[in-house]
Amino acid sequence: MARSNYMQLFIDEGREHVQNMTNHLLELEKSPGTLPIVEEVFRSAHTLKGMAATMEFHNLSELTHTMENVLDALRNETLAATSETLDHVFEAVDLVEEMIDDVAEGGNDNKDIAVHLALLKALTSDDGKEEGAVTEKVQSLSYDEFEQTVLTQSAEQGYTPYDITVTLDPSTLLKAARVHMVFNGLGNHGEVIKTSPPVEDLEEENFEHTFRLAFISKRSIEELEAILYKVSEITSVRIETITGKRMQRKETSQEETANDPTTFPEKKETKRMIKVDIERLDRLMNLFEEWVVDRSRLERNAQALQNQSLTETVERMSRISEELQTVILNMRMVPVEHVFNRFPRMVRKVSKDLGKKVKIEIEGEKTELDRSIIDEIGDPLVHLLRNSIDHGIELPETRMAAGKNEAGTVRLSAYHSGNHVYIQVSDDGAGIDKEKLVKKAISQSIITESDAKTMTDPEKYDLLFSPGFSTAETITDVSGRGVGLDVVRQTFESLGGVVSVDSELGKGSFFSVQLPLTLSIIEVLLVQVKKETYGIPISAIMETAIITEAEVRETHDRKVMEFRGHIIPLLFLHDVFQAPNTKGAQQGGKFHSVVIINKEDRYVGLVVDQFIGHHEVVLKSLGSFLQDVFAISGATVVGDGEAALIIDTDALVKK
Amino acid sequence: MTNTDTAQWKIVIFELNGQEYGLEITRVQSIERMLPITHVPGAHRRDIAGVVNLRGKMTPVIDLRLCLGLEASPYDKQTRILVVDENEGAIGLIVDRANDLLDIAETDIEDVSVVRGGETYAFGQSVVKIEQRIITLLETDKVLQ
């Protein structure tokens, strides 16, 4: 079986359904008894069940089937959507997600589902009728609420719902093949909503000679009949339109559709998407850059040749290629909701576990970020959110006593500003006691008493991110605050992000993460160092200056300069990088070109030979063979297709 | 290596300092003319010539002369970059010239230590003698180690 062909599809769609169930279950919890919401969850569970069965994941299919029963009881209102009931459903969804994750990692759905099955079954057990409700009725087509909705909605969209009865010749040998041909024939002209007996039975030939289909189409009865009679060994076809809850033959609608000039089935209104492997996009981008390099060669040639029409063509090409670049880059952009979506369920679970009441508010989930960044920020954000709930939000009694709302609020927001995206996690909890932080840091010898005296507030809060900070065994209101936060900061910083924290004691705390829009495009100042071209990220540059030899001063054998009243070190890049042809270094020049870079409040002046200019470049990794080259974060293609290295200014400032 | 059958190998032949070396063709992704090389400061090996932009991909290049302990020589029109695909991604090997492709039988391959006694071929794993030519087969894993 070509199961593997569908595996990725199964995983992707499975995850979407898990997400859908989660979202709607959360809504349902807020407004219990809202039937359309239950329908949504049911639909996803139902689809998942079908998908799992097809892929032969029996545990998964059994679990979703049992969930379906519970949801069915919910929508029939024989079961109330209490928080406890939903807990079990949520847990089941968690398990489904785990199973899908396992499958994604090459495993299967081998999880112990017995406990969950028992819990779910217990919910519906006192109502034996419900068990029967899901077993299919074989003879006639009856429609549950969901199917009815589909039927009525399709009618509103101009489709006609049909009830089709197909009878095969009693001597037919391969009944399943005929069924397939019927489905194939109809498939191009509409959609099968339901069959009796169910599709699985049809495929296994578990029927006599007759089966029925609920089918929506824009075709007329005659057209459908013609299609079906093309299938051999079909003795009779009966097609009726379905109206309301009953089925009756309705000639008028048939004429209407017959006269309808647009008899071609229209595609559904959903946004059509395809999923593309990120590596393919990278390849596309690489090829495109090659193209841009050739384009600039062409531009130069055209200029040299002074041929009017050639110049015009090349100019048009340039404009198109700029647009193309935007398109390609946008293809990599994904809304942060892909990450944010998973948080409400997590917040619900964590707060339940801790016995706290927490509301999560999400804003700006449509903000877009490069796919490669999106993939990385999920885990550190989980950490920040957990941290807020765990250490920020107080227990309900404490909050009441402090005159606050019993339920705490965690707010997750994302917005776009300039070349950055900001993601913020704030809470209205207890806040962070900076003096306790300082004491703790002193006791752990992270800072000294004298350090503490000169520290600014931001520096104090920053202690939270110190490696190894506050892993103390005793749980106080401060300890634990910093557990793992150093890892969080590292992850964000490896993405070119900046993390900061602020707090007001008793009012809450505020974590802010600034991320680059994309990892691959950065703005740099290209500079010349002897024969080599280097790029310095604009984000790290304070300003550029030209200084005279006399302004270069020396202290302790180090060259320094004065900048805004401070003495800052000067780094001669050709020394740092031992650029080739440095033998005659520092000959003659009365002036030095200096790029002043900073990291937080530390400044360094980089001396280069020449500024070339400001460029937007595509940052490329040097690959694993050249990992960890000092002060180099990657390379880019410049000019005639040569590589230029991009300087990692942070490494230089630390030095 | 067992010499029980007469398996044929296709070998790309290149020259370094007047000697012939061979690389199995399946390891060679492409043979490029010299490209502008960007010097990488502070690379961990002194035989790393730098990086080149190979069709949009930053590709490190190694000067095979330096790598094999030979004397460096200026690049000329004959200089080629053999791009080999390794676990760490594509890596370019700079050679004096590359212009031949030979079929050799596995039975023609001999262990260098047997043939050459004490002489050191740091990275040559074995040699092939075809008529008057002696070709050292290069094992890229060792070169890149």
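Above this text sits the structure in question.
The written sequence of each chain sets the order in which its residues are numbered from 1. By the order in which they are written, chains take letters starting at A while ligands take numbers starting at 1. A pLDDT threshold of at least 70 governs which residues receive local features in this predicted model, and a stricter bar of 80 or more applies before side-chain atom pairs are shown or counted, although totals over entire chains, interfaces and linings include all residues. Side-chain calculation: all heavy atoms of the structure are included, whereas hydrogens and water are not.

Caption draft 1: Layout of the packing of helix H15 (residues 343-354) of chain A against helix H16 (residues 371-392) of chain A. All names here are of chain A. For the pair H15 and H16, the least separation of the axes is 10 Å and the interaxial angle reads 35 degrees. Seen from above, H15 lies across H16 with right-handed handedness. When H15 is examined against H16, the residues Phe-343, Met-346, Val-347, Val-350, Ser-351 and Leu-354 are found in contact with a partner set consisting of Gly-378, Leu-381, Val-382, Leu-385, Arg-386, Ile-389 and Asp-390. Residue polarity follows a fixed list, in which Ala, Val, Leu, Ile, Met, Phe, Trp, Tyr, Cys and Pro are nonpolar, Asp, Glu, Lys and Arg are charged, and the others, Gly among them, are polar. For the contact of H15 with H16, the class distribution of residues is 9 nonpolar, 2 polar and 2 charged. Fitted lines through C-alpha atoms give the axes, limited to the stretch in contact for helices. The angle between two N-to-C directions lies from 0 to 180 degrees. Helix and strand definitions here come from DSSP, where helices need a minimum of 4 consecutive H or I residues and strands a minimum of 2 consecutive E residues; each element is numbered from the N-terminal end. Whether a crossing is left-handed or right-handed is set by the direction in which the near helix is turned from the far one by less than a right angle, anticlockwise for left-handed and clockwise for right-handed. Throughout, a contact is declared for two residues whenever any of their heavy atoms are within 4.5 Å.

Caption draft 2: Region of the structure containing the interface of chain B and chain A. The partner chain A presents 24 residues to the 21 residues of chain B that form the contact. Interface area, chain B with chain A, both sides summed: about 2000 Å², of which 65% is carbon and sulfur. Contact with chain A buries surface across chain B, with B:His39, B:Pro41 and B:Met58 losing the most and accounting together for 30% of the total. Note on definitions: salt bridges are taken to be side-chain nitrogens of Lys or Arg within 4 Å of carboxyl oxygens of Asp or Glu. Linking chain B with chain A are 0 salt bridges, by the criterion used here. Contacts described as polar in this section are N or O atom pairs within 3.5 Å, which, within protein, must combine one atom able to donate a hydrogen with one able to accept it, while residues neighboring in sequence count only if both atoms come from side chains. If you look at where chain B meets chain A, you find 3 residue pairs in polar contact (both at pLDDT 80 or more). Elements with a minimum of two residues in the side of chain B that touches chain A: strand S4 (48-54) and strand S5 (57-63) of chain B. Ranked by residue count, the leading element in the side of chain B that touches chain A is S5(B), at 4 residues. In this description, buried area is defined as the sum, over both parts, of the accessible area (probe of 1.4 Å) that is lost when the two are combined.

Caption draft 3: The environment of A:His416, seen in detail. All names here are of chain A. On the secondary structure map, His-416 appears in strand S9 (residues 408-417). Its relative accessible area of 45% is what places His-416 among the partly exposed residues. Put simply, His-416 and Leu-515 are 99 residues apart on the chain and 9.6 Å apart in space, counted from C-alpha to C-alpha. Only protein chains enter the accessibility calculation, which uses a 1.4 Å probe; a residue is then buried when its area is under 20% of its type maximum, exposed when over 50%, and partly exposed in between.

Caption draft 4: Inspection of the environment of A:Ala407 at higher detail. All names here are of chain A. Along the chain, Ala-407 falls in the loop between helix H17 (396-401) and S9. Classification of Ala-407 as buried rests on a relative accessible area of 19%. Distance in space between the C-alpha atoms of Ala-407 and Ile-393 is 8.6 Å, their sequence separation being 14 residues.

Caption draft 5: Quick peek at the side chain of A:His17. By secondary structure assignment, the location of A:His17 is in helix H1 (residues 3-30). Non-local contacts of A:His17, meaning those with residues more than four positions away in its chain, are made with A:Ser44, A:Thr47, A:Leu48 and A:Met51.

Caption draft 6: Looking closely at a nonpolar patch on the surface. All names here are of chain A. Here a patch means residues that are over 30% exposed by relative accessible area and free of salt bridges, tied together within 9 Å if like-charged and within 5 Å if nonpolar (Val, Leu, Ile, Met, Phe, Trp, Tyr). Residue burial considers only the protein chains on display, and all accessible areas are found by Shrake-Rupley using a 1.4 Å probe. A contiguous nonpolar surface patch, about 240 Å² in accessible area, is contributed by Leu-284, Val-327 and Met-331. Here Leu-284 is to be found in helix H12 (residues 278-305). The partly exposed category is assigned to Leu-284, whose relative accessible area is 36%.

Caption draft 7: Here's a closer look at the packing of aromatic side chains. For this analysis, a ring pair means two rings from Phe, Tyr or Trp (six-membered ring only for Trp) whose centres lie within 6.5 Å, classed as stacked if their planes differ by under 30 degrees, edge-to-face if by over 60, and tilted for the remaining angles. Following the criterion strictly, the structure yields 8 aromatic pairs over all chains and no others. Relative to A:Phe577, the ring of A:Tyr534 has its centre 4.8 Å away and its plane inclined at 20 degrees; by these criteria the two rings are stacked. In this pair, A:Tyr534 is assigned in strand S14 (residues 532-537) and A:Phe577 in the loop between helix H22 (573-576) and strand S19 (591-599), connecting sequence segments 43 residues apart. Overall, the relative accessible area of 1% leaves A:Phe577 in the buried class. For the pair B:Phe14 and B:Tyr21, a centre-to-centre distance of 5.9 Å together with 15 degrees between the ring planes defines the contact as stacked. Across the pair, exposure class does not vary: B:Phe14 and B:Tyr21 are buried alike. Sitting over the face of the ring of A:Phe42, A:Arg75 holds its NZ or CZ atom 3.7 Å from the ring centroid. A ring is scored as having a charge over it whenever the NZ atom of a lysine or the CZ atom of an arginine sits within 6 Å of its centre and within 35 degrees of its normal. In this arrangement the basic side chain of A:Lys218 is found over the ring face of A:Tyr159, its NZ or CZ atom lying 5.0 Å from the centre.

Caption draft 8: The arrangement of the nonpolar core in detail. Formed by 53 residues in total, the largest nonpolar core has its most connected members in A:Leu573, A:Leu606, A:Leu622, B:Phe14, B:Leu64 and B:Leu93. Beyond its immediate stretch of four places on either side in the chain, B:Leu93 contacts B:Leu23, B:Ile62, B:Leu64, B:Arg80, B:Ile81, B:Leu82, B:Val84, B:Thr140, B:Val143 and B:Leu144. Definition of nonpolar core: a set of buried residues of the types Ala, Val, Leu, Ile, Met, Phe, Trp, Tyr and Cys, connected through side-chain atoms within 4.5 Å.

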